Structure formats: C-alpha cells, structure tokens
Amino acid sequence: MEELDSEPTVTLIPGVNSQKKQMCFDWGPGEMLVCETSFNKKEKSDMVPGCPFIHIIRKNEDVYSQILRKLFNESHGIFVGLQRLEEELTGKSRKTQLVRVSKNYRSVIRACLEEMHQLAIAGKDPAIGRQFSIQVSSLSAMELIWNLCEILFIEVAPAGPLLLHLLDWVQLHVCEVDSLSADVLGSENPSKHERFWNLPGNTQTLTELELKWQHWHEECERHLQDGTFASSPHLESLCKVMLGDEAALLEQKGLLSTWYHFLVTRLLYSHPTVKPTDLHFYAQSSLDLFLGGESSPEPLDNILMAAFEFDIHQVIKECSIALSNWWFVAHLTDLLDHCKLLQSHNLYFGSNMREFLLLEYASGLFAHHSLWQLGVDYFDHCPELGRVSLELHIERIPLSTEQKALKVLRVCEQRQMTEQVRSICKILAMKAVRNNRLGSALSWSIRAKDAAFATLVSDRFLRDYCERGCFSDLDLIDNLGPAMMLSDRLTFLGKYREFHRLYGEKRFVDAASLLLSLMTSQIAPRSFWMTLLTDALPLLEQKQVIFSAEQTYELMRCLEDLTSERPVRGEPDAQQLQDDDVETTKVEMLRLALARNLARSIIKEGSLEGS
C-alpha cells in the first residue's frame with residue numbers, strides 16, 4: 001500500500017506530561033507500556049525520585065467489546081466457509097455465491113448494529129451511552145460502505161438495474177425512509193398523507209420505471225413550457241423535481257439527509273439508466289452541489305467517492321485510516337480478492353494486499369485471551385507469511401491454565417510446529433516442577449522430547465524416593481514404554497521401578513540380574529550406587545542363593561569403586577560425623593553380606609559341578 005498522505009493522529013494519555021518528563025515505552029504483542037522517567041527533560045540535575053504510573057495502551061481496543069466480539073466470531077465462520085468454497089466457485093454460480101457471502105457479512109454487521117443501538121438507547125450512564133453511539137456510527141458506516149461495494153464490485157449491476165440497487169441502498173441506510181413508508185402506507189389514504197411526497201420510493205420493474213419516467217419527463221417538460229403550473233409555485237416546484245432540475249432538488253435539501261441521498265434522487269429523476277462508468281461524474285458534482293463549499297468532505301465521503309470512482313485500492317486505503325480496527329478491510333479485501341479484483345496488486349515487502357490485511361487483523365485477535373483461536377484460521381489462509389506469523393504469535397500466548405495450554409498445544413501439533421510444541425511442553429513441565437507435580441512434569445518433558453529436562457525430573461523422582469522410601473505417580477513410571485529411552489536417567493528410573501516390581505512379585509533372580517545390570521552398564525548415577533547396593537542386601541540374605549559367584553564379585557567391585565572414590569573433607573561437623581558413621585555401618589554390612597553370599601554361591605556352584 002502507499003504511504004499515508006498525512007501524519008498519524010497524536011494519542012494523548014491522561015495524566016502524562018511529555019513536555020516536562022521524558023517518556024519511556026516498551027512494545028508488547030498487543031499493547032504498549034508507557035511511563036514517565038525520573039529525569040527532567042531539560043536539566044539532568046533536576047532528578048526527582050518517585051514511582052511513576054505505568055500506562056497500558058492497547059493496540060486494538062475493539063477486541064474487548066462484547067458485541068464486537070460477536071461480530072468477530074460470526075464473521076469467522078463466513079470467512080472460513082468462503083475459503084473452502086473457493087474450489088467449488090465456477091461458472092455462473094460463482095457470482096451468485098459471492099453475492100450471498102457478501103450479504104451474510106452485511107447481516108452480521110446489521111445484527112451487531114441493532115444490538116449496539118439498543119444498548120445506546122437503554123444505557124443509563126451518559127459516558128457509556130456516548131461510547132455505544134460512536135460504535136453505532138462506525139458500524140453504520142461499515143454497512144453503508146460494504147453495501148455500496150457489493151453493488152458496484154461484486155454484483156456489478158449494469159445500467160438500469162444499477163439505479164434500482166442504489167435506491168435500495170439509500171432506502172436501507174437512510175433510517176427515516178422505513179419509518180416514513182410505514183407511516184404513510186398505514187394511513188387510510190396514503191396519497192393524501194402530508195408526508196407522501198417526501199418519499200422517493202420505488203417498487204417497480206425496470207421496464208415500468210423507464211416507461212413511467214419517460215412519460216413523466218415528457219409531460220412535465222410540456223407543462224412547464226406551457227406555464228400550466230405558473231399559478232401554483234408548489235406544483236411548479238414538483239414539476240421541476242420530476243424533471244431532475246438541480247436547483248429545485250437543492251431547494252428540498254432539508255428532506256435529503258446526505259449528498260449520496262441527493263445523488264440517487266437526482267439520478268432517479270434525470271438519469272435513471274445511468275451507466276456505471278458515468279457514476280463518478282454525477283457523484284462528484286452531487287457532493288459539490290450538496291456541500292456548496294460550506295464544509296469539507298468527511299472521511300466517509302471520501303470512501304464513498306472512491307467507490308463511485310471504482311478505485312478499490314483507494315477505498316481500502318481510506319477505510320484502513322478511518323476505521324478503528326482491521327476487521328472491515330480484512331474481510332472486504334478477502335472477498336474482493338475472491339472476485340478476482342485484486343490479483344495485480346502486490347506489495348513491495350513480499351505479500352499481497354489481502355494477506356497483509358488478514359495478517360494485521362489476525363495479530364489483533366491474538367491480543368485477546370480467547371479470540372486468538374479465531375486468528376489461527378486467518379493465519380492458516382495466508383500462504384506467504386501466515387505460517388511464520390502464527391509461529392511468532394503463538395509463542396506469546398500466556399499459558400495461564402493447563403486447559404488453555406492444551407488448546408495451544410493442539411493447534412501446534414495439528415500444524416507440525418515441532419519447536420513450538422517443545423517450547424510449550426517445556427514451559428508446562430517447569431511450572432509442574434515448581435508446583436512439585438513431578439508426574440505431570442515428567443509427562444510434559446517426555447512430550448517435549450527434552451532429554452535434559454527429563455533427566456532433571458527423573459533426578460527429582462529418585463531424590464524423593466531416597467527421602468520417602470516410595471515412588472509417586474507409579475502409573476506413569478510403570479507405563480513409560482519406549483519413552484524411557486529419551487535419556488539415560490529416565491531409563492534408569494523406569495528400570496529401577498521395574499526392579500521393585502520384580503522384587504514385590506518375589507521374582508528374586510530376575511530382580512537381582514536387573515539390579516546388577518543397572519550398575520555395571522553405567523546407567524545408574526554413581527550417587528545412587530549405595531542405594532542400589534543397599535537394595536541388594538535383602539537378596540543377599542535370602543535362604544536361597546540369588547547372586548552367583550560372578551555376580552557377587554561384580555557387586556564387590558562396585559562397592560570398592562564407590563568407597564575408594566569418597567571425597568576427602570575438611571574438619572567434619574557433628575552431622576557429617578553421624579552421616580559417616582551410618583555410611584560406614586552400611587559398607588560393613590554389605591561387605592559381610594557379600595562375603596557370606598560369595599561363600600554360599602561357591603559351595604552351591606561346586607556342588608552342582610561335582611554332581
């Protein structure tokens with residue numbers, strides 16, 4: 001898109017004086033933090049200590065409006081349906097389907113507009129009422145612009161039907177027409193009603209309109225030239241109106257609320273078969289005549305004028321500047337793109353206009369705690385930069401609850417976003433560790449395929465076992481399956497739990513072989529060897545010889561390796577001395593048990609050889 005023609009408006013923050021204090025700010029994904037520094041702007045010497053207020057400036061305030069959230073939710077379904085419909089849009093049915101989609105969008109705008117209008121009327125707080133009134137005006141403008149774009153760009157009405165569409169457009173958006181029509185037609189004699197002539201309504205076919213208009217024009221022209229109504233100024237004025245006399249129409253300016261109302265009225269009485277290519281001439285002259293140089297065109301006027309000039313890009317540009325959010329331009333541009341009207345307009349930074357606006361709209365949705373889920377689908381339908389943008393935004397979603405985290409995780413897994421899945425699982429694993437939920441932490445670290453964190457959690461499990469003498473989350477550990485191969489420590493945890501299960505089932509020989517393999521294969525951390533050797537004591541003391549002579553020698557070697565590497569400490573305190581006594585007692589008990597078992601195993605094995 002082109003650069004803005006003017007500087008953006010300055011946003012004033014209540015309570016902040018940028019003339020006296022320096023300001024600092026920091027951007028977030030959907031908002032900005034602004035605060036005053038403690039330094040005077042002019043002189044460094046005037047430093048005033050204090051704690052300034054932090055102001056939060058939201059990038060897109062509209063996502064927090066309850067009614068506008070309905071607009072976003074309802075239109076999301078229409079948008080997704082349109083993308084899926086693209087493959088089926090062929091031939092004559094294509095235009096019909098696109099017009100139907102456009103009307104669906106307008107119906108959603110209209111529903112939100114009416115609900116907002118009711119709230120504006122019913123509100124007791126004047127400030128809230130004014131806020132609702134502003135939103136009503138904005139939604140009304142959106143519907144007005146969209147309807148006109150539908151007529152000109154999507155339906156592409158030819159000469160003749162074009163005026164009928166424009167009459168319906170004015171009737172729909174000039175609120176007084178419907179109420180006046182009901183009032184007049186509901187009277188006993190509509191033609192005698194005092195406001196009958198205030199309605200330029202039309203319910204006739206194009207042929208009837210053309211015939212009657214031609215008849216009116218010829219009759220009125222003849223009567224005006226003959227001076228038939230010279231004695232009645234009102235009838236003469238009416239005759240001039242029916243001829244489309246500009247001066248006569250402007251005399252009734254009070255009955256015409258806007259310049260585009262004046263435009264359609266003027267076309268009805270002077271050019272009912274106007275061609276689309278000629279519209280902008282009549283539109284510009286109607287605007288000039290209606291304003292009469294007394295005021296400048298409003299942003300809405302400029303947007304409508306760009307539409308009458310069939311300048312789609314200018315319409316989108318003006319709407320982007322004038323409207324408070326990206327919803328309108330994103331959805332309108334997407335629809336016009338499906339109408340093949342924007343194919344030639346690519347932007348210089350690697351995207352097209354449709355994608356750029358959809359990305360901006362989706363980014364705004366990600367600032368909301370729940371609407372981000374809608375934003376995912378908009379990113380999905382941006383083929384150039386959608387994937388990258390989704391990856392960047394989804395990493396910034398605050399994972400406030402596990403339920404929300406699971407939703408985010410599901411989105412990432414469905415799109416094979418491996419790095420984001422790993423990152424989210426690791427965050428959840430760290431939270432679980434901080435809350436001492438080791439089972440959950442281990443589950444998340446396995447899901448993240450994070451070997452380092454799985455090792456850390458496994459160490460916590462083992463430490464808890466040493467302190468409490470039992471494992472927590474047995475179901476998880478018993479069903480690790482292939483996941484235990486993620487790290488050596490996790491493998492050890494799973495196998496060590498299997499040792500306890502075998503021991504509990506009195507499968508002592510299998511338990512002994514597994515215990516020894518954990519030590520000799522170097523899977524077990526050396527800090528845990530004493531615990532494993534202590535676990536071997538009950539097996540060494542069994543009546544039946546469990547460990548063979550060779551296995552006993554291996555256990556002896558492990559014990560000697562462990563005791564020979566004990567660190568030399570400084571002057572020990574009382575606790576250290578007590579711990580050392582316990583360790584010494586354990587070592588002596590193990591040596592004695594190993595020696596006895598060695599003797600028993602040698603005798604047993606010798607007896608077997610002799611027999």
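Residues numbered from 1 in each chain as written. Predicted model: local features only at pLDDT ≥ 70, side-chain atom pairs only at ≥ 80, totals over all residues. Heavy atoms only, no water.

Applied cut-off: UniProt positions are given in the numbering used here, feature names are shortened, and annotations may be inferred rather than shown by experiment.
Per an unreviewed UniProt entry, the recorded name for the chain is Nuclear pore complex protein Nup85, and the organism is Balaenoptera musculus. The heading Subcellular location (unreviewed entry) in the UniProt record of the chain holds the text "Nucleus, Nuclear pore complex". Recorded in UniProt under Function (unreviewed entry), the annotation for the chain is "Functions as a component of the nuclear pore complex (NPC)."

### What to know about the overall build of the chain
Here is the rule: Per the convention used, a helix needs a DSSP run of H or I reaching at least four residues, while a strand needs a run of E reaching at least two, with both numbered from the N terminus. Each residue's exposure class comes from its accessible area (1.4 Å probe, protein chains only) as a fraction of the maximum for that residue type: buried when under 20%, exposed when over 50%, partly exposed otherwise. Any pair of residues with heavy atoms lying within 4.5 Å of one another is described as a contacting pair. Accessible surface area values rest on a Shrake-Rupley calculation with a 1.4 Å probe, where residue burial reflects the displayed protein chains alone.
Along its length, the chain carries 26 helices and three strands. Going through the 611 residues of the chain one by one, you find that 42% of them count as buried. Sequence-distant contacts, at least 24 apart, represent 62% of the contacts inside the chain between residues at least 6 apart. Carbon and sulfur atoms form 54% of the exposed surface of the chain, whose accessible area is close to 33,700 Å².

### What about the packing of helix α19 (residues 438–448) against helix α20 (residues 451–468)?
Rule in force here: Throughout, an axis means a line fitted to C-alpha atoms (over the contacting stretch in the case of helices), and angles, computed between N-to-C directions, take values from 0 to 180 degrees. By the definition adopted for this analysis, an angle is roughly parallel if under 35 degrees, roughly antiparallel if over 145, roughly perpendicular if from 65 to 115, and oblique otherwise. In this scheme the handedness of a crossing depends on how the near helix is turned from the far one: anticlockwise by less than a right angle means left-handed, clockwise means right-handed.
Interaxial distance between α19 and α20 falls to 9 Å at its minimum, and their mutual angle equals 155°. Relative to α20, α19 is oriented roughly antiparallel. Where α19 crosses over α20, the two elements pack in a sense that is left-handed. Mapping the contact onto sequence places Leu438, Gly439, Ala441, Leu442 and Ser445 in α19 and Phe453, Ala454, Val457, Ser458, Arg460, Phe461 and Asp464 in α20.

### Here's the deal with the nonpolar core
Under the convention used in this document: We define the nonpolar core as a collection of buried residues of types Ala, Val, Leu, Ile, Met, Phe, Trp, Tyr and Cys that are connected through side-chain atoms lying within 4.5 Å of one another.
Among the nonpolar cores identified, the biggest contains 155 residues, and Trp169, Trp259, Phe308, Trp327, Phe328 and Tyr496 are the most heavily contacted of them. By residue number, the principal contributor to this core is helix α3 (residues 126–154), which donates 12 residues. Discounting residues that sit within four places of it in the chain, Phe328 has contacts with Met142, Ile145, Trp146, Cys319 and Leu323.

### Some thoughts on the pattern of salt bridges
Filter applied, for reference: By salt bridge we mean one thing: a side-chain nitrogen of Lys or Arg within 4 Å of a carboxyl oxygen of Asp or Glu.
For the structure shown, the criterion picks out 23 salt bridges. Among the salt bridges present, the one from Asp510 reaches Arg507, with a minimum N-O distance of 3.4 Å. On the accessibility criterion, Asp510 (39% relative accessible area) is partly exposed. The class for Arg507 is partly exposed, based on a relative accessible area of 39%. Between Glu588 and Arg591 there is a salt bridge; the shortest N-O distance is 3.7 Å. Residue Glu588 and its partner Arg591 are located together in helix α26 (residues 574–610), separated by three residues, close to a single helical turn. We classify Glu588 as partly exposed; its relative accessible area is 44%. Overlapping salt bridges, with partners in common, bring together Lys495, Glu498, Arg501, Glu505, Arg507 and Asp510 in one network.

### Points about the packing of aromatic side chains
Rules: Note on aromatic pairs: the rings of Phe, Tyr and Trp (six-membered ring only in Trp) are paired at centre separations within 6.5 Å, and the planes decide the class, stacked below 30 degrees, edge-to-face beyond 60, tilted for the rest.
This structure, assessed with the given rule, holds 22 aromatic pairs. Taking the centre distance of 6.4 Å and the plane angle of 80° together, the rings of Tyr105 and Trp327 count as edge-to-face. Remark: Trp327 occurs in helix α13 (residues 327–338) and Tyr105 occurs in helix α2 (residues 91–122); sequence separation between them is 222 residues. Three or more aromatic residues joined by ring pairs form one cluster here, namely Phe492, Tyr496, Phe499, Tyr503, Phe508 and Phe528.

### Points about helix α25 (residues 549–564)
The cut-off we apply is this: Here, expected helix span is obtained from the residue count minus one, scaled by 1.5 Å.
Under the 1.5 Å per step criterion, the end-to-end length of α25 is 22 Å for 16 residues, consistent within 8% with the ideal 22 Å. Three or more residues of α25 are buried, namely Ala549, Gln551, Thr552, Leu555, Cys558, Leu559, Leu562 and Thr563.

### Here's the deal with the side chain of Arg354
What counts, and what does not: We define a polar contact as two N or O atoms separated by no more than 3.5 Å, with the added condition that, inside protein, one atom must be a possible hydrogen donor and the other a possible acceptor, whereas residues neighbouring each other in sequence contribute only through side-chain atom pairs.
By secondary structure assignment, the location of Arg354 is in helix α14 (residues 353–365). With a relative accessible area of 9%, Arg354 lands in the buried category. From its side chain, Arg354 meets the backbone oxygen of His381 in a polar contact 3.0 Å long. Here Arg354 is in contact with Phe79, Gln83, Thr333, Asp334, Asp337, His381 and Pro383, once residues within four sequence places are set aside.

### Things to note about the environment of Asp450
One can find Asp450 in the loop between α19 and α20. In sequence terms Asp450 and Ser487 are 37 residues apart; their C-alpha atoms lie 8.7 Å from each other. Apart from the residues lying within four places of it in its own chain, the contact partners of Asp450 are Lys426, Ser445 and Leu486. Side-chain polar atoms of Asp450 contact the backbone nitrogen of Ala452, separated by 3.2 Å. Polar side-chain contacts of Asp450 include one of 3.0 Å to the backbone nitrogen of Phe453.

### A few points about unusual backbone geometry
Phi at Val156 is positive, roughly 50°, even though this residue is not glycine. A positive phi angle, close to 50°, is found at Gln416, a residue other than glycine. Here Gln416 lies in the loop between α17 (402–414) and α18 (418–434).

### Thoughts on the environment of Asn147
With respect to the secondary-structure elements, Asn147 resides in helix α3. Those residues in contact with Asn147 that sit more than four places away from it in its chain are Arg106, Trp169, Leu172 and His173.

### Thoughts on the environment of Phe461
Counting through the fold element by element, Phe461 comes out in helix α20. On the accessibility criterion, Phe461 (2% relative accessible area) is buried. The sequence separation of Phe461 and Phe471 amounts to 10 residues, and the corresponding C-alpha distance is 7.2 Å. Excluding residues within four positions of it along the chain, Phe461 makes contact with Leu438, Gly439, Leu442, Phe471, Ser472, Asp473, Ile477 and Leu493.

### Section: the packing of helix α1 (residues 66–85) against helix α15 (residues 372–380)
We count it as follows: Basically, the charged four are Asp, Glu, Lys and Arg, the nonpolar ten are Ala, Val, Leu, Ile, Met, Phe, Trp, Tyr, Cys and Pro, and anything else, Gly included, counts as polar.
In the contact formed by α1 and α15, the axes pass within 11 Å of each other and the chain directions differ by 25°. Considering their axes alone, α1 and α15 lie roughly parallel with respect to each other. Here α1 and α15 pass one another in a crossing that is left-handed. Contacts from Phe72, Asn73, Ser75, His76, Phe79 and Val80 of α1 reach α15 at Leu374, Asp377 and Tyr378. Within the contact of α1 with α15, the residues separate by chemical class into five nonpolar, three polar and one charged.

### Some words on the side chain of Glu143
Looking at the element boundaries, Glu143 is found in helix α3. Residues in contact with Glu143, not counting those within four places in the same chain, are Arg106, Ile109, Arg110, Leu113, Leu172 and His173.

### Things to note about the state of the cysteines
As a reminder, the rule being used: In what follows, a disulfide is any cysteine sulfur pair within 2.5 Å.
Going through the model one piece at a time under the given rule, you end up with zero disulfides. Lacking any disulfide linkage, Cys149 is separated from the closest cysteine sulfur, that of Cys319, by 6.8 Å. The exposure class assigned to Cys149 is buried, which follows from its relative accessible area of 0%.

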